[in-house]
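Breakdown of the fold
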Amino acid sequence: MPPSEPQPTTPGNLRTRAEGLTKFTGDDIAKMSKQGIRKLVYELQVHQTELEVQNEELLNAQAELAHARDRLADLIDFAPVGFLTTLADGKIREVNMTASKILDIERKKLSGNRFAVFLALEDRTSFNQHLKAAFSTGEKQSGDFILNTREEPTIVRLETVVLKGDNVCRIALSDITAERQARELQLEQRSHQASEAEKARIAERLHDDLGSLLKGIDLHLTAMANRLRQDELEEAANLEAIVGKVGEAVSLTKDLSFSLYPVGSDQAQFCEALRSLEGLSPAVKCQISISENAFQLPNDETANHLFRIAQEAVHNAIHHSGADEVKIWLEASDDRVALSVCDNGSGFEREKANGGGLGLRIMEHRARSIGWTLQFLNGAEAGTTVVCFK
């Protein structure tokens, strides 16, 4: 005979059960004296009061537990880190508000779905291996993955753990996109700083060593050419031609040294560096217009990046656009500085420009690293304008 199922507790059957358990019967009460009955009644009243006090304490404890549970639920829901639980197959069971916000999907649309479908296609296999390792080893697993739920790429870090003997894993979800971008920007800045330092070293060697050597050769050859000319020897003309070439090498070394040396944030120094771009090509007319308003660039790094952007824009106009005229404008107001380089060339297609657009990407990185905006604008009929502004 199968055991009977337990009946739900009600006031009626609770009394019946209590009477069945008690060893004190009505006949026992009938045999008691009045004094004994009064004592029994008193003891029952005291016990009843004790039970009522205990009951009230239990109700208060229950209310406090419910309140603590709600506070904990709110704490988990609005924690700065996303939390979710999944089964071994990756199906989401529970998810807090922060995780929903990071994923940019409503909570009700997350439950029951496999978490992997919200990751970039190339990261899904890695996540499945990540989840499998958490269940098989029982050790915490960490990994970075790319979400596919937003327009902009979002990188999340998952910290996954499975409690011993459990079939549910707990995942902490953090958006580390800004952290990753900041670290990459820092690495790029260090790389550029190292590059600029190396350029400065080369510029100094060109100016101090090679420039001085060439200048010395120029002076000696000039003196020899003068002596040959005085002696009316035919070799004088050939030597004078060599002197001319050496003079060109001296000028080229000086220009190259100047173009490599970092530019400072001082207004006069920055404007002098911009004016040096006028003589990059005898075949291209270059005009420079500089605002009369005083301005101060925030630091040498900003000044150097702006100059390199202008230098690259002028270089592209001369060597890739077929332009015969380039204009450089530097406009300044109380709270705004804008640098523009405009040419009358053929315009550009990004993929075909300067080695597949490498120069343009470097210009964009320079602007981004100092917090400025860079725009490339094609003219209505011809020409390109590069604008960098804060």
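Keep in mind that this is a model prediction, so the values were computed, not measured. All residue numbers refer to positions counted from 1 along the written sequence of the respective chain. Residue-level local features of this predicted model are given only where pLDDT is at least 70; pairs of side-chain atoms are given and counted only at 80 or more, and the full residue set underlies all totals for whole chains, interfaces and linings. With hydrogens and water excluded, all non-hydrogen atoms of the structure serve as input to the side-chain values.

1. As for the overall build of the protein
Along the backbone of the protein there are 11 helices and 10 strands. For every residue, the accessible area (1.4 Å probe, protein chains only) is compared with the maximum for its type, and the residue is labelled buried under 20%, exposed over 50%, or partly exposed between those bounds. The burial tally for the protein puts 33% of its 390 residues in the buried class. Should any heavy atoms of two residues lie within 4.5 Å, those residues are counted as being in contact. Intrachain contacts of the protein at a sequence separation of at least 6 include 54% that bridge at least 24 residues. In these tables, accessible area is a Shrake-Rupley quantity obtained with a 1.4 Å probe, and a residue counts as shielded only by the protein chains included in the view. Carbon together with sulfur atoms contributes 54% to the accessible area of the protein, which is approximately 25500 Å² in total. Comment: elements are numbered from the N terminus, with helices defined as DSSP H or I runs of at least four residues and strands as E runs of at least two.

2. Considerations on the pattern of salt bridges
A side chain of one charge can pair with a side chain of the opposite charge if their charged atoms are brought near each other. By definition, a salt bridge exists where a carboxyl oxygen of Asp or Glu is found within 4 Å of a side-chain nitrogen of Lys or Arg. All told, the structure shown has nine salt bridges when counted by the stated rule. As a salt-bridge pair, E106 and K108 come within 3.8 Å of each other at their nearest N and O atoms. K108 sits in the exposed class, given a relative accessible area of 68%. A salt bridge links E159 to K140; its shortest N-O distance comes to 3.7 Å. Residue E159 is located in strand 4 (residues 154–162), and its partner K140 is located in the loop between helix 6 (124–137) and strand 3 (141–147); the two are separated by 19 residues in the primary sequence. One salt-bridge network, in which partners are shared between bridges, spans D144, R157 and R180.

3. Concerning the nonpolar core
Core analysis: the largest hydrophobic core is formed by 37 residues, its most contacted members being F270 and L330. Elements supplying a minimum of two residues to this core: helix 9 (267–275), strand 6 (285–290), helix 10 (300–320), strand 7 (325–332), strand 8 (337–343), helix 11 (354–369), strand 9 (373–378) and strand 10 (384–389). Looking at this core element by element, the count peaks at nine residues for helix 10. By size, the runner-up hydrophobic cluster in this structure holds 23 residues, among which are I92, F118, L147 and L173. In these notes, a set of buried Ala, Val, Leu, Ile, Met, Phe, Trp, Tyr and Cys residues joined through side-chain atoms within 4.5 Å is what counts as a nonpolar core.

4. A word on the pairing of strand 4
Across seven bridges, the pairing between strand 3 and strand 4 is antiparallel. Each bridged residue has a counterpart across the sheet, and for F145 the counterpart in strand 4 is V156. In textbook terms, the turn of a hairpin is the stretch between consecutive antiparallel strands, and for strand 3 and strand 4 this stretch comprises six residues. By definition, two strands form a pair when at least two bridges between them are found by DSSP. Linking strand 4 back to strand 5 (residues 168–175) in an antiparallel pair, the connection comprises five residues, with G165 at a positive phi of about 80°.

5. Digging into the sheet that holds strand 10
As summarised here, the arrangement of the five strands in space is 6-7-8-10-9, forming an open sheet in which the pairing is mixed. Where the open sheet ends on each side, the last strands, each with one partner, are strand 6 and strand 9. For this sheet, the mean inter-axis angle between neighbouring strands, taken without regard to orientation, is 10°. When strand 9 meets strand 10, the two strands line up antiparallel, connected through six bridges. Following the sheet pairing, N378 is matched in strand 10 by T384. Across the sheet, helix 10 is in contact with strand 7, strand 8, strand 9 and strand 10; its angle to strand 8 comes to roughly 10°. Between N-to-C directions, angles cover 0 to 180 degrees, with each direction set by a line fitted to C-alpha atoms, over the stretch in contact for helices.

6. Observations regarding the confidence of the model for the protein
Within the protein, residue pLDDT values average 83, and 89% of them lie at 70 or more. Confidence scores per residue from the predictor, reported as pLDDT, run from 0 to 100. When mean pLDDT is taken per element in the protein, strand 3 scores highest with 95 and helix 1 (residues 11–21) scores lowest with 63.

7. Regarding unusual backbone geometry
One non-glycine residue, D104, lies in the positive phi region at around 60°. One can find D104 in the loop between helix 4 (97–103) and helix 5 (107–110). D104 gets classed as exposed once you look at its relative accessible area, which sits at 52%.

8. What about the environment of A225?
With respect to the element layout, A225 can be found in helix 7 (residues 177–230). Of the residues examined, A225 reaches a relative accessible area of 2% and is grouped as buried. Separated by 18 residues in the primary sequence, A225 and V243 place their C-alpha atoms 8.1 Å from one another. Excluding its chain neighbours within four sequence positions, the residues that come into contact with A225 are A236, L239, E240 and V243.

9. Observations regarding the sheet that holds strand 2 (residues 92–95)
Taken together, the five strands give an open sheet; going across it, the order is 2-1-5-4-3, and neighbouring strands pair in antiparallel fashion. Strand pairing shows two members of the sheet lacking a second neighbour, strand 2 and strand 3, which therefore form its edges. In this sheet, adjacent strand axes meet at a mean angle of 30° when their direction is disregarded. Inspection of the sheet shows strand 4 paired to strand 5 by seven bridges, in the antiparallel sense. Residue pairing in the sheet places V162 in a bridge with C169 of strand 5.

10. Considerations on the side chain of T154
Mapped onto the elements, T154 comes out in strand 4. With a relative accessible area of 4%, T154 lands in the buried category. Those residues in contact with T154 that sit more than four places away from it in its chain are F145, I146, L147, D175 and T177.

11. So, the packing of aromatic side chains
Note on ring pairs: Phe, Tyr and Trp rings are taken, using the six-membered ring of Trp, and paired if centres are within 6.5 Å. Classes follow the plane angle, with under 30 degrees stacked, over 60 edge-to-face and the rest tilted. Per the stated rule, a full pass over the model turns up two aromatic pairs. Geometrically, the ring pair formed by F115 and F127 is tilted, given 5.2 Å between the ring centres and 50° between the ring planes. Of this pair, F115 sits in the loop between helix 5 and helix 6 while F127 is found in helix 6, placing the two residues 12 residues apart along the sequence. In terms of burial, F115 and F127 fall into one category: buried. Between F127 and F145 the ring centres are 6.0 Å apart and the planes differ by 85°, which places this aromatic pair in the edge-to-face class. A residue pair is termed long-range when its members are at least 10 positions apart, and F127 in helix 6 and F145 in strand 3 qualify at 18 residues. Taking relative accessible area as the criterion, F127 reaches 1% and is therefore assigned buried. Taken together, the aromatic side chains of F115, F127 and F145 make up a single cluster linked through ring pairs.

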